[in-house]
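The chain contents come next:
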Amino acid sequence: MSEITIEHLSKTFLSKDGTVEALKNVDLSIASGDIFGIIGMSGAGKSTLVRCMNYLEIPTEGRVLIDGRALGDFSEKELRKQRESIGMIFQHFNLLMQKSVLDNVCFPLYIQGKTKAQARQRAAELLEIVGLSDKQKAYPAQLSGGHKQRVAIARALASDPKILLCDEATSALDPQTTSQILELLKSINKQFGITIVVITHQMSVVREICEHVAILSGGEVAEQGLVSDIFTHPKTAVAREMILRDSGAEVESGKPLVQSEIQSGEIIRIVFSENSAFEPVIANMILMFREPVNILKADTKNVGGVAKGEMILQFMKNSTNVPAMKGHLAECGLAVGEAPEYGN
């Protein structure tokens, strides 16, 4: 297991149109053995950040430390050795199409100097771990996307990494296959204690596999913390937008999600866990205050193995009971927050 510390990291690219600040003063601490998510929209700087973590991209400013040692202090030889302990899997698998599944997994083992017999024995063991013992002689073109990613994971494990970087590793897969790959990664994390960093634009992926998350926006960390906390109490507009997109709602610039025919009052978001969902809270509140409430959206999600329900509620326009009703919801154990993206 290895700990990753990122200090004041910035990355600037030069282009014909001038300079592009891909990353701006990023600070992150990823604990040893954690499954850590880095999420953001396209262009947020996610892929640049993950490439800085193994120094495939050299930061313009700041440091990346693995177990307290700064990668920038390593010699070229030391850096190559360090990269052996950092595995990486990609969106499009990056397999050798002219090589069999077994030979794809053997490739990094040959680079390490293993004999053919040693490499093949270890590759066979790794293919068993990822559930592809029966595909050793197949070629990538004969495999499904999920099977290709399993081969890529086996290949990444061949160097016995302490860290596994996953750059949009499930973006090319269907939802069912994505869930299977995420379960495999969780199993690998538990079995080998590997620190896993998941780069994605999908909050559903973060919810399913990660304990901690950092949300990138415009090259900066907009928000970070426990996945369960951010889902329940998002503090920034970009976090709320990622959660709404996870629900299948599209947020378009300048366009409200609720159409103009709804002419009512304040809109809030409430979140309840399995421990706060045993009584009809909303129905009881309506009876108590004798005032109707619109339920604009209701959804239930698995956040870190815990069922969490989400509702978007709308109160009557000019209601004087709103503060008391919000207080009642909070007293019932529900997290109550704003939902500005739903405003008219």
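So, how was this worked out
Residues numbered from 1 in each chain as written. Predicted model: local features only at pLDDT ≥ 70, side-chain atom pairs only at ≥ 80, totals over all residues. Heavy atoms only, no water. Helix = DSSP H or I, 4+ residues; strand = E, 2+ residues; numbered from the N terminus. Buried < 20%, exposed > 50% of the residue type's maximum accessible area, 1.4 Å probe, protein only. Contact = heavy atoms within 4.5 Å. Areas by Shrake-Rupley, 256 points an atom, 1.4 Å probe, with all protein chains shown as cover. Pairing = 2+ DSSP bridges. Right-handed = clockwise from strand over helix to strand, strands pointing away. Axes fitted to C-alpha atoms, helices over the stretch in contact; angles between N-to-C directions. Patch = residues over 30% accessible without salt bridge, like charges linked within 9 Å, V, L, I, M, F, W, Y side chains within 5 Å. Salt bridge = Lys/Arg side-chain N within 4 Å of Asp/Glu carboxyl O. Parallel < 35°, antiparallel > 145°, perpendicular 65-115°, else oblique. Left-handed = near helix turned anticlockwise from the far one by under 90°. Nonpolar A, V, L, I, M, F, W, Y, C, P; charged D, E, K, R; others polar. pLDDT = per-residue confidence, 0-100. Phe/Tyr/Trp six-rings, centres within 6.5 Å; stacked < 30°, edge-to-face > 60°. Lys NZ or Arg CZ within 6 Å of the ring centre and 35° of its normal. Disulfide = S-S within 2.5 Å. Expected span 1.5 Å × (residues − 1).

**Some words on the overall build of the protein chain**
- Secondary structure summary: the protein chain contains eleven helices and 14 strands in total.
- Looking at the 344 residues of the protein chain, the share that counts as buried comes to 47%.
- Taking the contacts inside the protein chain whose residues are at least 6 apart along the sequence as the reference set, 70% of them involve residues at least 24 apart.
- Just so you have it, the protein chain exposes about 16,800 Å², and 49% of that area is on carbon and sulfur atoms.

**A few points about the pairing of strand E7 (residues 163-167)**
- Counted residue by residue, E7 has five buried out of five residues, so it is predominantly covered.
- Residues Ile163, Leu165 and Asp167 of E7 are buried on one face, and the alternating residues Leu164 and Cys166, pointing to the opposite face, are buried as well.
- Pairing analysis gives five bridges linking strand E6 (residues 86-90) to E7, with the strands arranged parallel. Bridging across to E7, Ile89 finds its partner in Cys166.
- Traced from E7 through helix H6 (residues 175-192) to strand E8 (residues 195-200), the parallel crossover comes out right-handed.

**Considering the sheet that holds strand E10 (residues 220-226)**
- With mixed pairing, six strands are arranged side by side in an open sheet as E6-E7-E8-E3-E9-E10. The sheet is open, and its two edges are formed by E6 and E10, each paired on a single side. Going from strand to strand, the sheet's axes swing by 15° on average, the running direction of each strand aside.

**Quick look at a nonpolar patch on the surface**
- A surface patch of nonpolar side chains, about 290 Å² in accessible area, is lined by Leu96, Phe107 and Ile111.
- Its place among the elements puts Phe107 in helix H3 (residues 101-111).

**Re the packing of H3 against helix H4 (residues 116-129)**
- Between H3 and H4, the least distance of the axes is 8 Å, while the angle of their chain directions is 120°. In terms of orientation, H3 and H4 fall into the oblique class. Crossing of H3 over H4 shows right-handed handedness. When H3 is examined against H4, the residues Val101, Leu102, Asp103, Val105, Cys106, Leu109 and Tyr110 are found in contact with a partner set consisting of Lys116, Ala119, Arg120, Arg122, Ala123, Ala124, Leu126 and Leu127.
- For the contact of H3 with H4, the class distribution of residues is eleven nonpolar, no polar and four charged.

**Some words on unusual backbone geometry**
- You will see that Tyr55, though not glycine, has its phi angle at about 60°, which is positive.
- Among the structural elements, Tyr55 can be located in the loop between helix H1 (46-53) and strand E4 (61-66).
- A relative accessible area of 10% places Tyr55 in the buried class.
- One non-glycine residue, Arg290, lies in the positive phi region at around 50°.
- Position of Arg290 relative to the elements: it lies in the loop between helix H10 (281-289) and strand E12 (294-303).
- Owing to a relative accessible area of 76%, Arg290 belongs among the exposed residues under this scheme.

**Section: the sheet that holds strand E5 (residues 69-70)**
- On the basis of which strands lie adjacent, the open sheet formed by four strands has the order E2-E1-E4-E5 and antiparallel pairing. Strand pairing shows two members of the sheet lacking a second neighbour, strand E2 (18-30) and E5, which therefore form its edges.
- Of the strands in this sheet, strand E1 (4-15), E2 and E4 touch H1, which is tilted by about 60° from E2.

**Brief notes about the confidence of the model for the protein chain**
- Looking at the protein chain as a whole, the pLDDT averages 86, with 90% of positions reaching at least 70.
- Across the protein chain, the secondary-structure element scoring lowest on mean pLDDT is E12, at 76, and the one scoring highest is strand E3 (residues 35-39), at 96.
- Confidence over residues 249-262 falls short of pLDDT 50; this stretch has 23 contacts with residues more than four positions distant or in other chains.

**Brief notes about the side chain of Thr200**
- When you line up the elements, Thr200 lands in strand E8.
- The residues contacting Thr200, other than those within four sequence positions of it, are Ile38, Ile39, Gly40, Lys46, Glu168, Val205 and Val206.

**Digging into the packing of aromatic side chains**
- Using the criterion set out here, one finds zero aromatic pairs in the structure.
- Cation over ring: Lys11 sits above Phe13, and NZ or CZ is 5.1 Å from the ring centre.
- Sitting above the plane of the Phe231 ring, Arg269 keeps its charged end 5.1 Å from the centroid.

**Some words on the state of the cysteines**
- Under the criterion given, the structure shown has zero disulfides.
- There is no disulfide at Cys166, and the cysteine sulfur nearest it, in Cys210, is 9.1 Å away.

**Brief notes about helix H5 (residues 145-157)**
- The first and last C-alpha atoms of H5 sit 19 Å apart over 13 residues, in line with the 18 Å expected at 1.5 Å per residue.
- Across the 13 residues of H5, ten count as buried, placing the element largely inside the fold.
- Within the span of H5, buried status applies to Gly146, Gln149, Arg150, Val151, Ala152, Ile153, Ala154, Arg155, Ala156 and Leu157.
- Among the structural elements, E6, H3, H4, E7 and H6 are those in contact with the buried residues of H5.

**Let's talk about the pattern of salt bridges**
- What the rule picks out here adds up to ten salt bridges.
- Measuring nitrogen to oxygen at the nearest pair gives 3.5 Å for the salt bridge that ties Glu84 to Lys81.
- Note on Glu84: relative accessible area 33%, which makes it partly exposed.
- Residue classification places Lys81 among the exposed residues on the basis of a relative accessible area of 56%.
- Through salt bridges that share partners, Lys11, Arg51 and Glu57 make up one connected network.

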